Amino acid sequence: MNIVTLKHNKEKSLLRRHPWLYASGIGQVEGHPASGATVIVKADDGRFIARAAYSPQSMIRLRVWSFDEAEPIDHAFFKRRVRNAIAHRRALVSDTGAVRLVFGEADGLPGLIVDHYTGVDGHGAPREQLVCQFMAAGVETWKNAIVQALVGATGCPHVYERSDVSIREKEGLAQTTGVLAGDEPPASLIVDEGGVRYHVDVRHGHKTGFYIDQRDNRALVRQHAAGRDVLNCFCYTGGFSLAALKGGARRVVSIDSSGEALDLARANLAANGFEADRAQWLDADAFKTLRRLYEDGERFDLVVLDPPKFAPSREHVDRAARAYKDINLIGFKLLRPGGLLATYSCSGAIDMDLFQKIVSSAAADAGVDARILKRLSAGVDHPMLTSFPEGEYLKGLWLQKP
Ligand code: SAH
């Protein structure tokens, strides 16, 4: 049997049900657990603490499966966890073809992401698709059991893997993509979110093909877009742009440096039948373009800033803070009086308090007495464990320039 005994007092965070244990807390390892193997975790006095997945190459050496001594880790365990995750989602999220069904630690499945798309393919035929990311040795080891459980619980036969994420390297796992069950994803998959149609590129798109986490924030922008001139910076495939157009925006200027993303954004415009002249797509660097728009005297009533993760880890926080401040500073300047700013950070290393400080300092430098109307986060299908605040990555502020 594989048993990991912790160093003295290192069980404390686990007793508060934090689901990770770092390498520095490990005392003794009995047996020769392979990467991803289940181990019994004991305190140094021999007390049972948890069953966990062992990851010998990762700083995060243990990820807890269960704190219940009577709960074995087997196929039935994954079936239960997957069913539980899905049962809660179905009750919470509606009116969308894009839902996150499993969000890692928050669903007791550390390192696993599962998104479910329900829409139509390029011929208009109904099509469902599950897309998974396996980001830790434990879920990698149980991949087959997890896929079976997902197909069983959802009835969706098509499962695609998008484990092309660099974080796998920290676990000693190679990046990989491909079909895990059913057929290849269709070349074109269109989902409907609150009456707006979006193309999802399951094979090549960011994440699993779509920024599902921004659903509520798209709805917020839509609700306040009527009659406004909108700027959507870092627009990707136009998530916020389409929401603004649906909400009656007068015109939407969108910026992204990816030509491919903009091609899909244009396809989204066409799929929704919006007038092409209400939307302008700028294939350009955001930092330079924001400045140029300002110098050209362009002004907007609603600005969305949803950049990529500027701080992939703690070492990048200072530089990232300057980048966030830079774009928010110009964002404020580009707003007309009374204008609204929706600004985001998806850097886990920058928490809400720090983000608010950065945005506040940008407002101060722009000479704007900005008002925070609301703090924003990912949707309810991306929950956060009270014992695991690290799970919060997306945070945003909804502000008004007086
Ligand atoms: N807001 C989008 C997601 C943004 S992802 C949504 O809701 O769907 C970040 C985007 O920023 C990517 O599409 C990437 O191509 C773009 N990007 C990254 N660096 C950029 C830069 N310097 N200038 C413009 N766009 C950039």
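Placed above this text is the structure.
What comes next is a walk through the structure. Within any chain, residue numbers begin from 1 and follow the written order of that chain's sequence. Totals for whole chains, interfaces and linings use all residues, but because this is a predicted model, local features are given only for residues with pLDDT of at least 70 and pairs of side-chain atoms are given and counted only at 80 or more. The basis for the side-chain values is all heavy atoms of the structure; hydrogens and waters are excluded.

### Re the pattern of salt bridges
Link 1 in the chain: Salt bridges are counted wherever a side-chain nitrogen of Lys or Arg sits within 4 Å of a carboxyl oxygen of Asp or Glu. In this structure the tally under the stated criterion is 26 salt bridges.
Link 2 in the chain: Via salt bridges that share partners, D229, R250, R251, E298, D301 and R336 belong to a single interconnected network.

### Focus on the site of the ligand
Link 1 in the chain: Whether a residue is near a molecule or strand depends on its heavy atoms: if one lies within 4 Å, it is near. Around the ligand sit 14 residues in total, of which F234, D256, D285, A286 and D306 are the nearest.
Link 2 in the chain: Throughout this description, a polar contact denotes any pair of N or O atoms lying within 3.5 Å of each other; where both atoms belong to protein, one of them has to be capable of donating a hydrogen while the other can accept it, and for residues adjacent in sequence the pair is counted only when both atoms sit in side chains. With respect to the ligand, the backbone of F234 contributes an N or O atom lying 3.0 Å from a nitrogen atom.
Link 3 in the chain: Interatomic distance of 2.7 Å between a side-chain N/O atom of D306 and a nitrogen atom of the ligand.
Link 4 in the chain: The Shrake-Rupley method, run with a 1.4 Å probe, gives the accessible areas here. Residue values count only the displayed protein chains as cover. Contact with the protein chains hides 89% of the accessible area of the ligand, taken as 580 Å² for the molecule alone.
Link 5 in the chain: Note on residue classes: Ala, Val, Leu, Ile, Met, Phe, Trp, Tyr, Cys and Pro are nonpolar, Asp, Glu, Lys and Arg are charged, and everything else, Gly too, is polar. Of the residues that constitute the shell around the ligand, the class distribution is eight nonpolar, three polar and three charged.

### What to know about the layout of surface pockets
Link 1 in the chain: Using a grid of 1 Å spacing that covers the protein atoms alone, one calls a set of points a cavity when a 1.4 Å probe fits there but cannot get out, and a pocket when the set is open and has protein on both sides within 12 Å along at least five of seven lines; lining residues are those with an atom within 4 Å of a point. Grid points are joined across faces, edges and corners, and a volume is the space filled by probe spheres set on the points. Roughly 360 Å³ of volume is contained in the second largest pocket.
Link 2 in the chain: Taken together, 19 residues line the second largest pocket, and the ones lying closest to its centre are R17, R81, E105, G108 and L385.
Link 3 in the chain: Comment: elements are numbered from the N terminus, with helices defined as DSSP H or I runs of at least four residues and strands as E runs of at least two. Counting residues per element, the ones that place at least two in the lining of the second largest pocket are β6 (60-66) and α2 (75-92).
Link 4 in the chain: At four residues, α2 tops the list of elements feeding residues into the lining of the second largest pocket.
Link 5 in the chain: Tallied by class, residues from the lining of the second largest pocket come to eight nonpolar, five polar and six charged.

### Let's talk about empty space enclosed by the protein
Link 1 in the chain: In this structure the tally under the stated criterion is one cavity of 30 Å³ or more.
Link 2 in the chain: Every residue lining the largest cavity is counted, 13 residues in all, and those nearest its centre are A53, R63, A136, A137 and G138.
Link 3 in the chain: Of all the secondary-structure elements, those providing two or more residues to the lining of the largest cavity are β6 and α3 (137-141).
Link 4 in the chain: Looking at the lining of the largest cavity residue by residue, the class counts come to eight nonpolar, two polar and three charged.

### Describing helix α7 (residues 259-271)
Link 1 in the chain: The span one expects for a helix is its residue count, reduced by one, times 1.5 Å. Taking 1.5 Å as the rise per residue, α7 with 13 residues should run 18 Å; its terminal C-alpha atoms sit 18 Å apart, in good agreement.
Link 2 in the chain: Tucked into the core, α7 has its buried residues touching β13 (196-199), α6 (239-246), β15 (251-256) and β16 (279-283).
Link 3 in the chain: Looking one or two residues beyond α7, the residue adopting positive phi is G273, at roughly 70°. What makes two residues a contact is simply this: any of their non-hydrogen atoms within 4.5 Å.

### A few points about the sheet that holds β16
Adjacent strands of a sheet pair through backbone hydrogen bonds, lying either parallel or antiparallel.
Link 1 in the chain: Strands pair, by our definition, only if DSSP identifies at least two bridges between them. Strand order across the open sheet formed by seven strands is β16-β15-β14-β17-β18-β20-β19, with mixed pairing between neighbours. The outermost strands of the open sheet, each flanked by one partner alone, are β16 and β19 (371-377). Across the sheet, the mean angle from the axis of one strand to that of its neighbour is 15°, orientation sign disregarded.
Link 2 in the chain: The pairing of strand β14 (residues 229-233) with β15 spans five bridges and is parallel. Paired with V230 across the two strands is V252, which belongs to β15.
Link 3 in the chain: Axis lines are fitted to C-alpha atoms, over the contacting stretch for helices. Their N-to-C directions set the angle, which ranges from 0 to 180 degrees. Across the face of the sheet, helix α5 (residues 215-223) comes into contact with β17 (300-305), β18 (335-345), β19 and β20 (395-400) while running at roughly 145° to β19.
Link 4 in the chain: In the packing of α6 onto the sheet, the strands contacted are β14, β15, β16, β17 and β18, and the crossing angle to β15 comes to about 180°.

### Some words on the pairing of strand β12 (residues 189-193)
Link 1 in the chain: Only protein chains enter the accessibility calculation, which uses a 1.4 Å probe. A residue is then buried if its area is under 20% of the maximum for its type, exposed if over 50%, and partly exposed in between. Of all five residues in β12, four are buried; the element is thus mostly enclosed.
Link 2 in the chain: Two strands pair when backbone bridges link them, and strand β8 (residues 112-121) and β12 are joined in this way by three bridges, in the antiparallel orientation. When the sheet's bridge partners are listed, V120 is paired in β12 with I190.
Link 3 in the chain: Relative to β13, β12 runs antiparallel, the two being bridged by four bridges. Residue I190 lies in a different strand from β13, and its bridge partner there is H199.
Link 4 in the chain: Two successive antiparallel strands, β12 and β13, enclose a turn made up of two residues, where G194 displays a positive phi of approximately 55°.

### Some points on the side chain of Q129
Link 1 in the chain: Assignment of secondary structure puts Q129 in strand β9 (residues 126-134).
Link 2 in the chain: The class for Q129 is buried, based on a relative accessible area of 0%.
Link 3 in the chain: Within the structure, the side chain of Q129 is placed 2.7 Å from the side chain of R127, a separation counted as a polar contact.
Link 4 in the chain: Once residues lying within four places of it in the same chain are set aside, the contact partners of Q129 are D115, H116, Y117, C156, H158, V159, Y160, P185, P186, L189 and V202.

### Some points on the packing of aromatic side chains
Link 1 in the chain: Aromatic pairing here means that ring centres of Phe, Tyr or Trp (its six-membered ring) are within 6.5 Å. Orientation follows from the plane angle: under 30 degrees is stacked, over 60 is edge-to-face, and everything else is tilted. Tallying each qualifying case throughout the model produces 15 aromatic pairs.
Link 2 in the chain: Relative to Y393, the ring of F103 lies with its centre 6.1 Å away and its plane at 55°, an arrangement referred to as tilted. Of this pair, F103 sits in strand β7 (residues 98-103) while Y393 sits in the loop between β19 and β20, placing them 290 residues apart in sequence. The residues F103 and Y393 share a single accessibility class, namely buried.
Link 3 in the chain: Among the aromatic residues, ring-to-ring pairing joins F234, F287, F310, Y324 and F355 into one connected group.

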